[in-house]
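Overview (structure and organization)
Below, each chain spelled out in residue letters.
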Amino acid sequence: MTDLASTDAAATGLTLAETDDSTARLHRNLFIAIAVALVIAPFVAYPVFVMKVLCFALFALAFNLLLGYGGLLSFGHAAYFGMASYVSAYTAKNWGLTPELAILFGTAVGAVLGLVFGALAIRRQGIYFAMITLALAQMVFFFSLQTPRFTGGEDGIQAVPRGKFLGLVSLADDRALYWLVAAIFMGGLLLIYRVIHSPFGQVCKAIRDNEPRAISLGYRANQYKLMVFVLSATLAGLAGATKAIVFQLASLTDVYWTMSGEVVLMTLVGGLGTVFGPIVGAIVIVAMQNYLATLGAWVTVVQGVIFVLCVLLFREGIVGVIAKAIKKPL
Amino acid sequence: MPEDTILSTSGLTKEFAGFTAVNGVDLSVRRGSIHALIGPNGAGKTTCFNLLTKFLAPTRGSIVYNGRDITREKPAEIARLGLVRSFQISAVFPQLSVLTNVRIALQRRKRGDSFDFWRSERSLKELDAEAAALVDAVGLTSFLGLTAGELSYGRKRALEIATTLALDPEMLLLDEPMAGMGREDVERIAALIRKISANRTILMVEHNLSVVASLSDRITVLARGQVLAEGDYATVSKDPRVVEAYIGSGGGHGHH
């Protein structure tokens, strides 16, 4: 068998390199396609709708980084999304921060919250980890409910000024704001892609696959888990902070557990553990909520049915199924 | 501690709620030897193994590795000291490629920690050649591009060994390396263990007594959490207490 192996060696090495290259080419082309779509989108669709999709897509991408590549199921991602949304709205409205600073501020709060909650949650594994993230997120929800001076309570923070980008360019126009949101989304997507394909990302995937083994190789698994948790919370914060500026609103919805559930749904529908799946998932779910809005409460029922169908028929999600068909990671 | 002892324990004890799994074990492993830990089912081998690899914390007693007390160290830290364990169930990273499996270990040894999430994985390409050589050494070159999950059981074990060797450990702790293997695989892995033992110390827990007989320089027999006998195979296999312990428990040859 060793003889056979060595004669095959050169050929296998070659095809291996070729597969890597063709995957990289495919991904590059997809990034170009996404960039082109981002440029065209505001001219063919309602810009606010596209911005909503982009914010939720970024949120789902951040969640997928943690679950799909870190193997950590958080049921409390609304905490980072929602708190960043409040901080961004509050600082833009009450401190008069420019939109980019308000977003940065909100994102930073998401990161700090992620660091604190992550440090507490990673001490437990599996379902206990998920329950702790949920409990901590619910604490954030009740904090938000009980501090109307900061969050506006049931009313939320309304009429958040979009302000002027860098104090120069007014973002009152949807198209103008769109370019900022598109840039934030693209930056977030590229960062996540890089994280997944970094030396750090390799270790995360190893820990996701087999944590005791990774530890026995000398990796301090908890440090990696905390790092990927903070990265995910930060990007979820970025999505929430941006959303507050887009809708000029931060409310209890953003920080409620249903928001945590929605991001799980988007990720699963699109394709868990795929780079591009959460984007597709976000488009599907947000489009459903928008275009089926006339159905009222039935939207939730339709969502539930789709979720059940997803789990029953294609567990890998939409993009996961495509990736399997073309035999390339997406 | 004598110069030629690499790992020793004294009075090593582990109690689980009212039950003493390992009871006052004094073990001494000579540098460069292949040392086997055997015993009938329930003798405390696996618990003892988990204590040595720090996956369990001892109730009492101490563990000294290379003159350093590692009783309170964490599992990741002892790996960094050159004491690396294997697992009873094949421990690979199923969704990563065969090459990446080995490279993950090389990555740890050569770069230390990898918190650089901003750098491209192309920076790991320089490790590929060495990883491929290690994969070749265990006869898996034709499977280089497959994910580890796609390999057969015996090949997963071989991959696991290649991954462990990538750390160039001074001492290996093997947890039943032959568990669940067919005869052909057993011979291949036994040959591999002999090959890698050249300038290393190996301590293994193993059920397959013929493997133990042919591979090990020294054998410690555990029964009911205590050391029953110690010596080479000829000595311990004739020890009446050992024979009695094995027969009394219905034999230890079988697999789980």
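Residues numbered from 1 in each chain as written. Chains lettered and ligands numbered in written order. Predicted model: local features only at pLDDT ≥ 70, side-chain atom pairs only at ≥ 80, totals over all residues.

1. Details of the overall build of chain B
Inclusion rule: Numbered from the N terminus, helices here are DSSP runs of H or I no shorter than four residues, and strands are runs of E no shorter than two. In this setup the radius of gyration rests on C-alpha atoms only. A globule is expected at 2.2 Å times the number of residues raised to 0.38. Partly exposed residues are those whose C-beta has more than 12 but fewer than 20 other C-beta atoms within 10 Å; 20 or more makes a residue buried and 12 or fewer makes it exposed, with C-beta atoms placed from the backbone. In this description, any two residues whose backbone-derived C-beta atoms lie within 7 Å of each other are considered to be in contact.
Each helix and strand in chain B was counted, giving 9 helices and 10 strands. Relative to its length of 256 residues, chain B is compact, with a C-alpha radius of gyration of 19 Å against a globular reference of 18 Å. When the 256 residues of chain B are sorted by exposure, 47% land in the buried category. In chain B, 67% of the contacts between residues at least 6 apart in sequence involve partners at least 24 apart.

2. What to know about the interface of chain A and chain B
Every contact between the two is made by 35 residues of chain A and, on the other side, 38 residues of chain B. Only α1 (2-44), α7 (174-196), α8 (199-209), α9 (211-216) and α10 (221-247) of chain A provide two or more residues apiece to the side of chain A that touches chain B. By residue number, the principal contributor to the side of chain A that touches chain B is α1(A), which donates 11 residues.

3. A short note on the sheet that holds strand β5 (residues 68-69) of chain B
Residues and elements named next belong to chain B. For the record, the criterion: Two strands form a pair only when DSSP identifies at least two bridges running between them. Lines are fitted to the C-alpha atoms to define the axes, a helix being fitted only along its stretch in contact, and any angle between axes, read from their N-to-C directions, falls within 0 to 180 degrees.
Taken together, 4 strands build an open sheet; the order of strands is β2-β1-β4-β5 and the sheet is antiparallel. A strand with exactly one partner marks an edge of an open sheet, and here the two such strands are β2 (19-30) and β5. Relative to β2, helix α1 (residues 45-52) is tilted by about 60°, and along the sheet it contacts β1 (5-16), β2 and β4 (60-65).

4. Focus: helix α14 (residues 298-313) of chain A
The periodicity of an α-helix, 3.6 residues per turn, causes residues three or four positions apart to be oriented the same way. The cut-off we apply is this: One less than the residue count of a helix, multiplied by 1.5 Å, gives the span that helix is expected to have.
Over its 16 residues, α14(A) runs 22 Å from end to end, which matches the ideal 22 Å to within 8%, given 1.5 Å per residue. Little of α14(A) is tucked away: 1 of the 16 residues are buried.

5. Considerations on the environment of A:Lys52
All names here are of chain A. Within the secondary structure, lysine 52 sits in helix α2 (residues 47-69). Sequence separation between lysine 52 and valine 299 is 247 residues; the distance between their C-alpha atoms is 17 Å. Setting aside residues no more than four positions away along its own chain, lysine 52 makes contact with Val246 and Val286.

6. Structural notes on the confidence of the model for chain B
A low pLDDT score tells you not to read the predicted coordinates there in detail. Residues and elements named next belong to chain B. Quick reminder of the rule: Every residue is assigned a pLDDT by the predictor, reflecting its confidence on a scale from 0 to 100.
Averaged over every residue, the pLDDT of chain B is 87; the share at 70 or more is 95%. Counting contacts from residues 250-256, a segment whose pLDDT is below 50, to residues more than four positions away or on other chains yields 11 contacts. Overall fold confidence for the complex sits at a pTM of 0.87, while the interface term, ipTM, reaches 0.85.

7. Digging into α10(A)
With 27 residues, α10(A) extends 39 Å from end C-alpha to end C-alpha; this agrees with the ideal 39 Å at 1.5 Å per step. Downstream of α10(A) by a residue or two, A:Gln248 has a phi angle that is positive, lying close to 55°.

8. Section: the packing of helix α4 (residues 99-121) of chain A against helix α5 (residues 126-146) of chain A
All names here are of chain A. Our working definition: Crossings are sorted by hand: turned counterclockwise from the far helix by less than a right angle, the near helix makes the crossing left-handed, and turned clockwise it makes it right-handed. For this classification, the nonpolar set comprises Ala, Val, Leu, Ile, Met, Phe, Trp, Tyr, Cys and Pro, the charged set comprises Asp, Glu, Lys and Arg, and every other residue, Gly included, is treated as polar.
Contact pair α4 / α5: the axes reach a minimum separation of 9 Å and the direction vectors enclose 145°. At the point where α4 passes α5, the crossing takes the right-handed sense. Here Phe117, Leu120 and Ala121 of α4 come into contact with α5, specifically with Phe129, Ile132, Thr133 and Leu136. A per-class count over the contact of α4 with α5 returns 6 nonpolar, 1 polar and no charged.

9. Remarks on the sheet that holds strand β3 (residues 34-38) of chain B
Residues and elements named next belong to chain B. In spatial order, the strands read β6-β7-β8-β3-β9-β10; together these 6 strands make up an open sheet with mixed pairing. In this open sheet, the two edge strands, each paired with only one partner strand, are β6 (83-85) and β10 (226-231). Going from strand to strand, the sheet's axes swing by 15° on average, the running direction of each strand aside. Across 5 bridges, strand β7 (residues 171-175) lies against strand β8 (residues 201-205) in parallel orientation. What sits directly across from leucine 172, in β8, is isoleucine 202.

10. Thoughts on unusual backbone geometry
Excluding glycine, most residues fall at negative phi; most peptide bonds, likewise, are trans. All names here are of chain A. Positive phi values are uncommon outside glycine, yet leucine 166 reaches one of about 55°. Positive phi outside glycine occurs at lysine 327, with the angle close to 55°. Along the chain, the position of lysine 327 falls in the segment after α15 (317-326).

11. Considerations on the pairing of strand β9 (residues 218-223) of chain B
All names here are of chain B. Taking burial as the measure, the 6 residues of β9 include 5 buried ones, the bulk of the element. Here β3 pairs with β9 via 4 bridges, running parallel. Its bridge partner being in β9, alanine 36 is matched across the sheet by isoleucine 219. Sheet analysis places β9 next to β10, joined by 5 bridges and oriented antiparallel. Paired with valine 221 across the bridge in β10 is alanine 229.

12. A short note on the pairing of β3(B)
Looking down a regular strand, the side chains alternate between one sheet face and the other. Residue and element names in this part refer to chain B. Counting buried positions along β3 yields 5 of 5 residues, so the element is predominantly enclosed. Neither face of β3 is open: one carries Ile34, Ala36 and Ile38, the other His35 and Leu37, and all of them are buried. Here 4 bridges tie β3 to β8, and the two strands are oriented parallel to one another. Paired with isoleucine 34 across the strands is isoleucine 202, a residue of β8.

13. Description of the nonpolar core
Defined as follows: For this entry, the nonpolar core is defined as buried Ala, Val, Leu, Ile, Met, Phe, Trp, Tyr and Cys residues connected by C-beta atoms within 7 Å.
Residues A:Leu58, A:Phe59, B:Val135 and B:Ala162 are the most contacted members of the largest nonpolar core, which totals 185 residues. Ignoring any residue separated from it by four or fewer positions in sequence, one finds A:Phe59 in contact with A:Phe81, A:Ala236, A:Ala239 and A:Val263.

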